[in-house]
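One-letter residues, chain by chain:
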Amino acid sequence: MLIELQNITKIYPGNHRALNAVSVRFDTGEIVGLLGVNGSGKTTCSTILAGLHPPTSGDLLFQGKSALSDIANYRRHVGYCPQHPTLNEMLTVYDNLYFGGLYFGLTETKVKAAADRVISMFGLGDYLGKYPPMLSGGYQQRVMLARALIHDPQFIILDEPTVGLDPAIRKKLWDIILELKKLGKSILLTTHYLEEADILCDRICILDAGHILRIATKDELKSEHQQKDLEDIFMKLTAVEE
Amino acid sequence: MLKILWALMRTDLKLLVRQMKDKAIDALIWGGITLVVMAHVMPALGLKGFGLFQAATIFVGVVGFEIYNQLFLMVMNIEHRKHLFYLFTLPVPVWTVFAQKVVFYTINGLILSVLMIPLSKIILWNQMDLTTIAWGHLFLALTVTCFFFSCFLLLLVSRAQKTEQVEHLFMRLMFPLWFLGGFQFAWKTIYDLNPYVGYLGLLSPHTYAHEAARVAVLGQNGFLPFWICMTVLLVGSAVFGIIGYRGVKRNLDLV
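The model shown is predicted, which means the values in this text are computed figures rather than measured ones.

Turning next to the nonpolar core. Judged by nonpolar contacts, the single largest core of 143 residues is most densely connected at Leu97(A), Tyr103(A), Phe122(A), Phe59(B), Leu71(B) and Phe88(B). Formed jointly, this core draws a minimum of three residues from each of two domains, domain 1 (1-77 + 154-242) and domain 2 (86-152) of chain A. With residues near it in sequence (within four places) discarded, Phe88(B) still touches Gly51(A), Leu52(A), Arg75(A), Val94(B), Val97(B), Phe98(B), Leu252(B) and Leu254(B).

Below is the structure:
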């Protein structure tokens, strides 16, 4: 087991309980899909896993040890691609990637090689001199993904990575995600697209109002609910709760 | 960790070099116009020998303007969850990210302050004798002032979570602190007019920054003691920096 959320509760000011005793583990070489309607706690879950926000209670374990007690070291192993663009708008695409590598402690030589790798992976070659605001949403998303992977993290958090991407690019991104899995990376994928979760994920975690309704493999879910379609299962589970 | 912080500094310095021309033009316009009026128009109204007095405050006043710009940019960045949030996911403790920003803002402010010196000489010419300036004291005063305002910036960020609040903060807090902090008069002047208002003026950190710069340029006579000003600014830097950092960390709910 690589990472584990252990009994995580998150309460925001105003006593808003975003997560309630959530426990999930992430194994090496596994893609876990985090599904839920808006406000279910998906983004809160990913920001805690990214080491950005602390949980109110519970622990985040990395290789069996509390990551919160050595957060800097933990973050070194995580690649986080949030929902909203966080690129430096005053740096070119190349510089965003280049400095992104340096920020994770890569040497100049390694960062150049890593930049070349992600540039070719995401087809960014023609856009290196452009500034993020000059790019379409889809391309900004690609740069964000490239930056999240530049330091070759073990655990990758993709918070709705395919929103706003056209079908061809989305398909390409799916291939990249599957390729990363083959390389032994653990991936958390939050998505609204159930078809995407069905194709990519090994296990599905369904969140509703901060609670985990169910974590299981796709096959387990389908057989439990006698449904072939993940969308029907999701609708059934969330409707029962409502 | 140092390697990562140096990479953050390199990014900021790279952008600073690119923006320096515009920043310098803005600073020169503000400082230049203020000095021209004070040194060449005010004497016609009977206010003699005010140019050099005002120049000393412009050296530090320009930092205040820069900090206001940086405050606006930082709050906007936070409000829209932009690049700054990415920096909080880097493999360094969050406090070091803020510490790097403080050092960068100090450098940024210092460059603009130093730029005001040749400008003042050109505008004041015979009114400014470079040989009488205590250069060591002046650079120390400017460095400490820039550092103080960079720490003060964190406190302001912790009090303004939206860009619209920055405008109110500027008019309600920063402008009174700056203008009543002796931008155009020595602390002793206001103290002699009314000691109670004088004591009130001691609450403004600008008072110490202005007085320290004046001591370096005009000599100790008639101003607050230089080393007291330095001590207050350094203690203020530590206190405001720590309170500000804690406030921002709490507001942004960072690990």
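Let's pick the thread back up.
A separate point is the domain arrangement of chain A. Residue and element names in this part refer to chain A. Domain annotation of chain A identifies domain 1 (1-77 + 154-242) and domain 2 (86-152). Summarising the inter-unit geometry, the C-alpha centres of domain 1 and domain 2 are found 25 Å apart. At the junction of the two partners, domain 1 supplies 14 residues and domain 2 supplies twelve residues. Buried surface at the junction of domain 1 and domain 2, both sides included, amounts to about 1100 Å², of which 64% is carbon and sulfur. In terms of surface lost to domain 2, no three residues of domain 1 exceed Arg76, Ile169 and Ile176, which account for 34% of the buried area on that side. Our count for the domain 1 to domain 2 interface comes out at one salt bridge. Residue Asp152 pairs with Lys185 through a salt bridge whose shortest N-O separation is 2.7 Å.

Contacts between chain A and chain B engage 32 residues on the former and 27 residues on the latter. Of the roughly 2700 Å² buried at the junction of chain A and chain B (both faces included), carbon and sulfur atoms supply 58%. Applying the counting criterion to the chain A and chain B interface returns four salt bridges. Salt-bridge contacts for Lys82(B) lead to Glu89(A); the nearest nitrogen and oxygen are separated by 2.6 Å. Inspection of the chain A/chain B interface yields 16 residue pairs in polar contact (both at pLDDT 80 or more). Broken down by element, the side of chain A that touches chain B gets its largest block of residues, five residues, from helix H3 (residues 93-102) of chain A.

Before going further, it helps to examine the environment of Asp219(A). Within the secondary structure, Asp219(A) is located in helix H8 (residues 218-225). Along the sequence, Asp219(A) and Asp198(A) sit 21 residues apart, while their C-alpha atoms lie 9.9 Å from each other.

Moving on, we come to the sheet that holds strand S6 (residues 78-81) of chain A. All names here are of chain A. Ordered by their spatial adjacency, six strands build an open sheet running S6-S7-S8-S3-S9-S10, and the pairing between neighbours is mixed. Across the chains shown, the open sheet's two edge strands, defined by having one partner strand only, are S6 and strand S10 (211-217). Shown here is a sheet whose adjacent strand axes are inclined to one another by a mean of 15°, direction ignored. The pairing of strand S3 (residues 31-35) with strand S9 (residues 203-208) spans four bridges and is parallel.

Located in the positive-phi region is Asn7(A), a residue other than glycine, with phi close to 55°. One non-glycine residue, Arg81(B), adopts positive backbone phi at about 45°. Here Arg81(B) lies in the loop between helix H2 (51-79) and helix H3 (83-87).

Reading the values: rules and limits
- Residues numbered from 1 in each chain as written.
- Chains lettered and ligands numbered in written order.
- Predicted model: local features only at pLDDT ≥ 70, side-chain atom pairs only at ≥ 80, totals over all residues.
- Heavy atoms only, no water.
- Core = buried A, V, L, I, M, F, W, Y, C linked by side-chain atoms within 4.5 Å.
- Buried < 20%, exposed > 50% of the residue type's maximum accessible area, 1.4 Å probe, protein only.
- Domains from an automatic or database assignment.
- Contact = heavy atoms within 4.5 Å.
- Buried area = accessible area lost by both parts, 1.4 Å probe.
- Salt bridge = Lys/Arg side-chain N within 4 Å of Asp/Glu carboxyl O.
- Polar contact = N/O pair within 3.5 Å; in protein donor to acceptor, adjacent residues only side chain to side chain.
- Helix = DSSP H or I, 4+ residues; strand = E, 2+ residues; numbered from the N terminus.
- Pairing = 2+ DSSP bridges.
- Axes fitted to C-alpha atoms, helices over the stretch in contact; angles between N-to-C directions.

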